[in-house]
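What follows is each chain in one-letter form.
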Amino acid sequence: TQSTWGFHVRFRDIARGGIRMIRSANEHAYETNALRLFDEVYGLAYTQQKKNKDIPEGGSKGNFLLEQGYQGSGFLSFERYMDAFMDVLLPNPHVKDHLGKEEIVFFGPDEGTADWMDWAANYSKQRGYRMWKSLTTGKTPSLGGIPHDVYSMTTLSVHTIALEIMKKLGWKEEEVTKFQTGGPDGDLGSNEIKLSKDRTIGIVDGSGVLFDPQGINRDELLRLANARKMIDNFDITKLGPQGFRVLVKDKNVNLPNGELVEDGMSFRNNFHLHNMVTADLFVPCGGRPEAININNVNKLLHPDGTPKFKVIVEGANLFITEDARLTLEKAGIILYKDATANKGGVTSSSLEVLAGLALNDDEYSHWMCQKDGKTPDFYNKYVKEIQQRIQDNARAEFDCIWREHEATKKPRTVISNELSDKINHLDDYIRSTSIFEKDVIRLSVMKKALPKTLLEGIGLSVIMEGVPESYQRAIFSNFIASHYVYQYGLGANEVGFFEFMNKLMY
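Report follows, based on the coordinates. (Residues numbered from 1 in each chain as written. Predicted model: local features only at pLDDT ≥ 70, side-chain atom pairs only at ≥ 80, totals over all residues. Heavy atoms only, no water.)

Now for the overall build of the protein chain. Per the secondary structure count, the protein chain includes 20 helices and 13 strands. Relative to the globule expectation of 23 Å for 506 residues, the C-alpha radius of gyration of the protein chain, 24 Å, shows essentially globular dimensions. Principal-axis analysis of the C-alpha atoms places the extent of the protein chain at approximately 75 × 65 × 45 Å. Within the protein chain, contacts between residues at least 6 apart in sequence are counted, and of these 70% link residues at least 24 apart. When the accessible surface of the protein chain is summed, it comes to about 22100 Å², and 51% of that surface belongs to carbon and sulfur atoms. (Helix = DSSP H or I, 4+ residues; strand = E, 2+ residues; numbered from the N terminus. Rg over C-alpha atoms; globule rule 2.2 N^0.38 Å. Contact = heavy atoms within 4.5 Å. Areas by Shrake-Rupley, 256 points an atom, 1.4 Å probe, with all protein chains shown as cover.)

This part takes up helix H7 (residues 187–195). Within H7 the residues assigned to the buried category are Leu188, Gly189, Ser190, Asn191, Glu192 and Ile193. Packed against the buried residues of H7 are helix H6 (153–169), strand E5 (177–181), strand E6 (199–205), helix H8 (218–227) and strand E11 (279–284). (Buried < 20%, exposed > 50% of the residue type's maximum accessible area, 1.4 Å probe, protein only.)

Right, let's talk about the pairing of strand E10 (residues 260–263) for a bit. Note that strand E9 (residues 251–254) and E10 share three bridges and pair antiparallel. Its bridge partner being in E10, Lys251 is matched across the sheet by Asp263. In sequence, E9 turns back onto E10 through a hairpin of five residues, with Gly258 there showing a positive phi of about 95 degrees. (Pairing = 2+ DSSP bridges.)

To continue, consider the packing of aromatic side chains. Applying the stated criterion across every chain, the model contains 36 aromatic pairs. Centre to centre, the rings of Trp5 and Phe7 are 6.3 Å apart; their planes meet at 70 degrees, and the pair counts as edge-to-face. Given a relative accessible area of 30%, Phe7 falls into the partly exposed group. With a centroid separation of 4.8 Å and an interplanar angle of 70 degrees, the aromatic rings of Phe85 and Phe107 are classed as edge-to-face. (Phe/Tyr/Trp six-rings, centres within 6.5 Å; stacked < 30°, edge-to-face > 60°.)

On the secondary structure map, Tyr30 appears in helix H1 (residues 27–35). In sequence terms Tyr30 and Lys409 are 379 residues apart; their C-alpha atoms lie 46 Å from each other.

As structure tokens, then:
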């Protein structure tokens, strides 16, 4: 009989993260996956905790391993995983409840599970879980979901950071040269193309490499991005005389400069390290984790030690290892790491969760659920507010890191880590105090922290009645912690906190 086993780790009582399905190509891979199953999910949850500094939920992650011989039974295993969660979460007279309080969990899509978020929400509703509307994010719009790719949620934070750097450096975006991994078929890659106005010289995606030192034809890129097609669909007649495309299937291709590419796959995998790849801006929007590491990072430098890129904004998670980031910064590159740049998606998911908690079933169906291909006005307004919040959060963290670097000369990578730690520690401390119980402070903070669309739609008192108190406390403490640290910096002290709280009151 098939068995399913896995883990779920969360760093706070209120936390969110994706559920990952793990397949194994053979018996050896299965044994390896089984041995590292907990370590992997713990590490992913810890990384999520760092990224979730702008939202009420801490970091979490879940995974389950498919038994060898049952690699085609993914959905059945997911069903069992969710069934086990419902057994634990829901009251049962035959089970002793040692926790003694209601638990709230939130799941998101991850590798292999993206198509099952609607099913999980509906199944939890059938089981009687009262917060079923918020159990999963990544749902379809017909169930109130807000797709990150459709609304550029993830890319908005990445591109906002890039634009803020350009402002500081006095660059005009139209004159900036950019290199990008992750192509027009993906979420990050397609939206980076659609949002930007730069002169993109190179793109690497699953199908191969597209390069033109004069700048790739933007109209043709936009055509692919809108159709979500890879660069193997690019019309190469629109490349300049030094431009080329090499696909992973190609063999023995002569480039315009005379170089012979013997194997397209190898060329694609390592093109980001190639000597000809140099630009003002590098935005990784896809690619393998640790594609840039301590063993190859020097290939991003010219022989004289000067960097091949002036700026790197790391959109793809874990694309660059920590030691490689520090090496690149030491060489003079302005680098904003993934935990700072790529946080728009978690903000969108968090506010999707909030709508599900605040609205009753009828309100949620009427205001958040797409029907016959039409989205409600409330939904459209809410999406715009989420997009604005993503950009505001990105600017706030960008400004704080920029100020701290100017004052201390610390690497921005280190500052990003310290910001996450300071916000999370202050958040935890505020949750442990009784400050939330003071009516005047609680109401003043919540009016500022909650989305205006929800406040205008149903009012503060209704929101407070519908949203569980534990989640309200999480909203309250996170808003104070993140806004205080972003405004006052890493050296913020008690006097600054007193001043900040006074401003919140009025």
